[in-house]
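A closer look at the structure
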Amino acid sequence: MTDKWIINSAKTVGRSHIRENIPCQDSVASLQNNGVSVIALSDGCGSSPLSHYGSDITVKALCDLFANNFDLLYTGDDNAVRKAVVSTIVEQLKSFIKTNTEMISEFKRNNPGHYEKFKNNWPGFSQIEKIYPLTLFDATVQFVAIKDDKIIAGRLGDGIIADIHNGALRILSSEDKVGVESNATWYP
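Residues numbered from 1 in each chain as written. Predicted model: local features only at pLDDT ≥ 70, side-chain atom pairs only at ≥ 80, totals over all residues. Heavy atoms only, no water.

Backbone geometry places Asn34, a non-glycine residue, at a positive phi of 60°. Looking at the secondary structure, you find Asn34 in the loop between β1 (26-33) and β2 (36-44). A positive phi angle, close to 55°, is found at Asn166, a residue other than glycine. Within the element layout of this structure, Asn166 appears in the loop between β5 (160-165) and β6 (168-174). For Asn166, a relative accessible area of 74% gives the class exposed. (Helix = DSSP H or I, 4+ residues; strand = E, 2+ residues; numbered from the N terminus. Buried < 20%, exposed > 50% of the residue type's maximum accessible area, 1.4 Å probe, protein only.)

Taken together, four strands build an open sheet; the order of strands is β1-β2-β3-β4 and the sheet is antiparallel. Since the sheet does not close on itself, it has two edges, and those belong to β1 and β4 (150-156), each with one partner. With strand direction ignored, the average angle separating the axes of adjacent strands in the sheet is 5°. (Pairing = 2+ DSSP bridges. Axes fitted to C-alpha atoms, helices over the stretch in contact; angles between N-to-C directions.)

A word on the side chain of Gln142. On the secondary structure map, Gln142 appears in strand β3 (residues 139-147). Judged by relative accessible area, Gln142 falls into the buried class, the value being 15%. From its side chain, Gln142 meets the backbone nitrogen of Ile160 in a polar contact 2.9 Å long. Look past the residues within four positions of Gln142 in its chain and what remains in contact with it is Ile39, Ala40, Leu41, Gly154, Arg155, Asp158, Gly159, Ile160 and Ile161. (Polar contact = N/O pair within 3.5 Å; in protein donor to acceptor, adjacent residues only side chain to side chain. Contact = heavy atoms within 4.5 Å.)

Below, the discussion takes up the packing of helix α3 (residues 78-99) against helix α4 (residues 101-110). As a packed pair, α3 and α4 sit with axes 4 Å apart at the nearest point and diverge in direction by 80°. One finds that α3 runs roughly perpendicular with respect to α4. Mapping the contact onto sequence places Phe96, Ile97, Lys98 and Thr99 in α3 and Thr101, Met103 and Ile104 in α4. Residues belonging to the contact of α3 with α4 are distributed by class as follows: four nonpolar, two polar and one charged. (Parallel < 35°, antiparallel > 145°, perpendicular 65-115°, else oblique. Nonpolar A, V, L, I, M, F, W, Y, C, P; charged D, E, K, R; others polar.)

Our focus in this paragraph is the pairing of β6. With six bridges connecting them, β5 and β6 associate as antiparallel partners. Each residue of the ladder has a partner; that of His165, found in β6, is Ala168. Linking β5 back to β6 in an antiparallel pair, the connection comprises two residues, with Asn166 at a positive phi of about 55°.

Tracing the chain through its elements places Gln25 in the loop between α1 (15-19) and β1. In this structure the side chain of Gln25 is engaged in a polar contact, spanning 3.4 Å, whose partner is the side chain of Ser51. In contact with Gln25, not counting residues within four places along its chain, are His17, Ser42, Asp43, Gly44, Cys45, Gly46, Ser48, Ser51, His52 and Ser55.

Attention shifts here to the packing of aromatic side chains. In this structure the tally under the stated criterion is five aromatic pairs. Taken together, a centroid distance of 5.2 Å and an interplanar angle of 35° make the contact between Tyr53 and Phe96 tilted. Taken as a pair, Tyr53 in helix α2 (residues 51-75) and Phe96 in helix α3 lie far apart in primary sequence, 43 residues in all. Accessibility expressed as a relative area gives 31% for Tyr53, which makes it partly exposed. Ring geometry for Phe96 versus Phe137: centroids 5.7 Å apart, planes at 80°, classification edge-to-face. In this pair, Phe96 is assigned in helix α3 and Phe137 in the loop between α6 (128-135) and β3, connecting sequence segments 41 residues apart. Residue Phe96 shares its accessibility class with Phe137, and that shared class is buried. (Phe/Tyr/Trp six-rings, centres within 6.5 Å; stacked < 30°, edge-to-face > 60°.)

If you look at the biggest cluster of nonpolar residues, it comprises 34 residues, and the most contacted ones within it are Leu62, Phe66, Val85 and Phe137. Of all the secondary-structure elements, those providing two or more residues to this core are β2, α2, α3, α4, α5 (112-120), α6 and β3. The leading source of residues in this core is α2, at nine residues. When near neighbours in sequence (up to four residues on either side) are disregarded, Phe66 contacts Val36, Val38, Leu73, Val85, Phe143, Ala145 and Ile152. (Core = buried A, V, L, I, M, F, W, Y, C linked by side-chain atoms within 4.5 Å.)

This is the structure:
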C-alpha cells in the first residue's frame, strides 16, 4: 500500500558548479498514484550542456510511466520494459526539443565546436541531425516503483540501488564496469 511509504528527496548544486555558474544537473522526482509509489534519481552528464533539462525530464517521465502502468510493466518481459523506459524518455526529450527549437538552434550557433566534435566522432553516420540534439541532454537515471509487495527497480547508466531486507542491506542493481575504467561513466 502506498500509505505506508513516506518519500523524501532533495538535491543541491555542488560547490564547483556554484563557482563556475553551472546549474544543478541532478534531478529527483517522486509520485504516489494508483497505489504505486515511485522515486527516480538522475545525474546529468557534465559533458552534455543541457543535461539539467534532461535529468529533470527523465525523472518526471519515469515517475509518470510507472505510476500509470505498473501492472503492465511488472508482468511484461524485460525487453518490453526496457523498451518502454527508453522510448518514454526519448519521446519526452523529443517533445521538449520540438517545443524549444530556438534554444537548441542558439546553442548550436554559439557552440559550433561542440557540434563539429560530435559529428567527427560519428563519421559516415547519416542520421547525425536526429541524434545530436538528444545527446545534449544525457543523464543517468535510477528508479524504484513499489505497489503492494511488488517492486520494479532499474537504472540506465551507472549507480547502485539497494534496500534493507530482514535487517540487512541488499543490492538490487549495481553497475558492472567489466572491461572499462573503474571511474568511467556510461550515459544512456
